[in-house]
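# Tertiary structure, described
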Amino acid sequence: MKELHLRKFLKTWMLPISMMGGIVFHDWIGYLEFLTPYLIFIMLTITYTRVKPGEFRITRFQWRLLLVQMLGCWLAYLALLPVSEPVATAAFLCIFMPTATAAPVVTGMLGGSVTKLATYSLLSNLTVAVTAPVFLSIVNDSGRNIPFAESFTTICAQVIPLLILPLVVALLLRYSAPRLHHAIAGHQSISFWMWAVALFIVMGRAVSFMIKQPLSELPVMLGMAIAALVVCCLQFISGRKVGARLGDRIAGAQGLGQKNTILGIWMALTYLHPLVSVGPAAYIVWQNIINSTQIYLHTRKQL
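Residues numbered from 1 in each chain as written. Predicted model: local features only at pLDDT ≥ 70, side-chain atom pairs only at ≥ 80, totals over all residues. Heavy atoms only, no water.

## Examining the overall build of the chain
How we decide: Runs of H or I in DSSP of at least four residues are treated as helices and runs of E of at least two as strands, each being numbered from the N terminus. By definition, residues are in contact when any of their heavy atoms lie within 4.5 Å.
In terms of helices and strands, the chain carries 13 helices and zero strands. Along its sequence from the N terminus, the chain presents helices and strands in the succession α-α-α-α-α-α-α-α-α-α-α-α-α. In the chain, 83% of the contacts between residues at least 6 apart in sequence involve partners at least 24 apart.

Here it is in structure tokens:
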């Protein structure tokens, strides 16, 4: 009984603990930074083992969420561009980021449809994999002034394998090693704990970068943090409304609101101006405050 309560407590508070750990131990994060893409790859592979090819049905639910995601990122970017380019880019990234690999886990904890969310997570990640080279290259033109062709090929070479190869691995395991595939699919919570580790790393890296910035950049960083808060709330609300109309408000809210911020920070630091990473770093805080509150309230109802 005590072990069960401890597990529920850790699931409820693990994400805030990871964020605080990254902040406190940011000086040492550099030693673990190389693990981030590997963690993303493994988390996606674990998530994709949950999706059965026969059950992979993209309905209006998934298409509607994807439409909001893809149009929303450009609307936010164009609306904020006259105000501040870094803030506009940060807002773009906070919406463009695909659904978090741990989103199906959180959705299940809150009583939503894991299958619907896992299907959308797959669709969202594959769409980002295909569009990221073009989208980030366009946004990046004003960031690092890297030629479009060079930016496009570099992003293709790293982002597409990172997001698509996990699906290939999951399918290979399904047909060549069914026992192993079944064992992995039955332990989806592993991705949640790996996400906590990755969150610890990227949060520390983002904090290390922010600390090194001159005070003159503080207004821009605050602007990005505020933009991330507004975007975060709007995405949870929009997803909830879309989901309510199409049968699952919890999966809808998590599909749009819970983002793969780890991938977002990595993209910002790798392909955009490092300052833009403040946006998804702040998004981590906002989305996990919302999720931790939801999980806490839901857990209280069950106890």
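## A closer look at the packing of helix α4 (residues 85–96) against helix α10 (residues 218–245)
Definition in use: Whenever a helix is involved, its axis is fitted only over the stretch in contact; in every case the axis is a line through C-alpha atoms, and angles between N-to-C directions fall within 0 to 180 degrees. Orientation labels follow simple angle bins: below 35 degrees gives roughly parallel, above 145 gives roughly antiparallel, 65 to 115 gives roughly perpendicular, and whatever is left gives oblique. Take the far helix as the reference: if the near one is turned anticlockwise from it by less than a right angle, the crossing is left-handed, and if turned clockwise, right-handed. Just so you know the grouping, Ala, Val, Leu, Ile, Met, Phe, Trp, Tyr, Cys and Pro go in nonpolar, Asp, Glu, Lys and Arg go in charged, and all remaining residues, Gly too, go in polar.
Interaxial distance between α4 and α10 falls to 9 Å at its minimum, and their mutual angle equals 30°. Comparing their axes, α10 and α4 come out roughly parallel. By crossing handedness, the relation of α4 to α10 is classed as right-handed. Counting all contacts with α4, which are made through P86, V87, A90, A91, C94 and I95, the residues of α10 involved are V220, G223, M224, A227, A228, V231 and Q235. Class assignment of the residues belonging to the contact of α4 with α10 gives a composition of 11 nonpolar, two polar and no charged.

## Focus on the packing of aromatic side chains
Selection criterion: Two aromatic rings, drawn from Phe, Tyr or Trp (for Trp, its six-membered ring), form a pair once their centres lie within 6.5 Å of each other, and the interplanar angle then sorts them: stacked below 30 degrees, edge-to-face above 60, tilted otherwise. Each residue gets one of three labels from its accessible area relative to the maximum for its type: buried under 20%, exposed over 50%, partly exposed in between, using a 1.4 Å probe on protein chains only. For a Lys NZ or an Arg CZ to count as sitting over a ring, it must be within 6 Å of the ring centre and within 35 degrees of the ring normal.
Across all of its chains, the model carries eight aromatic pairs by this definition. Taken together, a centroid distance of 6.0 Å and an interplanar angle of 70° make the contact between Y77 and F92 edge-to-face. Here the residue Y77 occupies a position in helix α3 (residues 60–80), and F92 occupies one in helix α4, the gap between them amounting to 15 residues. Here Y77 matches F92 in class, with each residue buried. Grouped by ring-pair contacts, the aromatic residues W74, Y77, F92, F96 and F135 constitute a single cluster. Stacked on the ring of F61, the Lys or Arg K116 has its end atom at 5.2 Å from the ring centre.

## A few points about the state of the cysteines
Where two cysteines share a covalent bond between their sulfur atoms, that bond is called a disulfide. Quick note on the threshold: What counts as a disulfide here is a pair of cysteine sulfur atoms lying within 2.5 Å.
Throughout the structure, instances matching the rule amount to zero disulfides. With no disulfide of its own, C233 has C232 as its nearest cysteine by sulfur position, at a separation of 5.6 Å.

## Concerning a nonpolar patch on the surface
Note the cut-off: Residues enter patches when they are more than 30% accessible in relative terms and free of salt bridges; like-charged ones are connected within 9 Å and nonpolar ones (Val, Leu, Ile, Met, Phe, Trp, Tyr) within 5 Å. Every accessible area reported is derived by Shrake-Rupley at a probe size of 1.4 Å, with residue values counting cover from the shown protein chains alone. Salt bridges, as used here, are contacts in which a Lys or Arg side-chain nitrogen is within 4 Å of a carboxyl oxygen on Asp or Glu.
Together, M20, I23, V24, F25, W28, Y31 and L32 line one region of the surface with nonpolar side chains, adding up to about 750 Å² of accessible area. In this structure, W28 sits in the loop between α1 (2–24) and α2 (36–48).

## Focus on the nonpolar core
Which entries qualify depends on this criterion: We define the nonpolar core as a collection of buried residues of types Ala, Val, Leu, Ile, Met, Phe, Trp, Tyr and Cys that are connected through side-chain atoms lying within 4.5 Å of one another.
M43, F92, L93, F96, L136 and M267 are the most contacted members of the largest nonpolar core, which has 82 residues in total. At 11 residues, helix α9 (residues 189–211) tops the list of elements feeding residues into this core. Leave out the neighbours within four places in its chain, and L93 touches L136, G264, M267, A268, L272, V276 and P280.

## A short note on the side chain of Q287
Filter applied, for reference: Here a polar contact is taken to be a pair of N or O atoms separated by no more than 3.5 Å, where protein atoms must pair a possible hydrogen donor with a possible acceptor and residues adjacent in sequence count only if both atoms sit in side chains.
Locating Q287 in the fold gives a position in helix α13 (residues 278–302). Judged by relative accessible area, Q287 falls into the buried class, the value being 0%. At 2.7 Å, the side chain of Q287 forms a polar contact with the backbone nitrogen of K259. Each residue touching Q287, except ones within four places of it in the same chain, is listed here: W195, C232, F236, G257, Q258, K259 and T261.

## A look at α4
For clarity, the threshold we go by: Expected span, for any helix, means 1.5 Å times one less than how many residues it has.
The end-to-end C-alpha separation of α4 is 16 Å, in line with the 16 Å expected for 12 residues at 1.5 Å each. Most of α4 is tucked away: 10 of the 12 residues are buried. Within α4 the residues assigned to the buried category are V87, A88, T89, A90, A91, F92, L93, C94, I95 and F96.

## Digging into the environment of L65
Here L65 is to be found in helix α3. By relative accessible area, which is 0% here, L65 ends up buried. Those residues within four positions of L65 in sequence are excluded, and the remaining contacts are Y120, G239, V242, G252 and L256.

## Considering the environment of L80
Mapped onto the elements of the fold, L80 is located in helix α3. For L80 and A90, which are 10 residues apart along the polypeptide, the C-alpha to C-alpha distance reads 9.8 Å.

## Observations concerning the side chain of T99
Topologically, T99 is positioned in the loop between α4 and α5 (103–110). Look at T99 and you get buried, because its relative accessible area is 0%. A polar contact of 2.8 Å, which involves the side chain of T99, links it to the backbone oxygen of G255. With sequence-adjacent residues up to four places away left out, T99 is seen in contact with L117, Y120, S121, S124, N125, Q254, G255, Q258, K259 and N260.

## Section: the packing of α4 against helix α6 (residues 114–140)
Where α4 contacts α6, the two axes come as close as 12 Å, and the packing angle between them is 175°. Taken together, the axes of α4 and α6 are roughly antiparallel relative to one another. Contact with α4, carried on its side by T89, F92, L93 and F96, involves V128, T131, A132, F135, L136 and V139 of α6 and no other residues of that element. Partitioned by chemical class, the residues of the contact of α4 with α6 number eight nonpolar, two polar and no charged.

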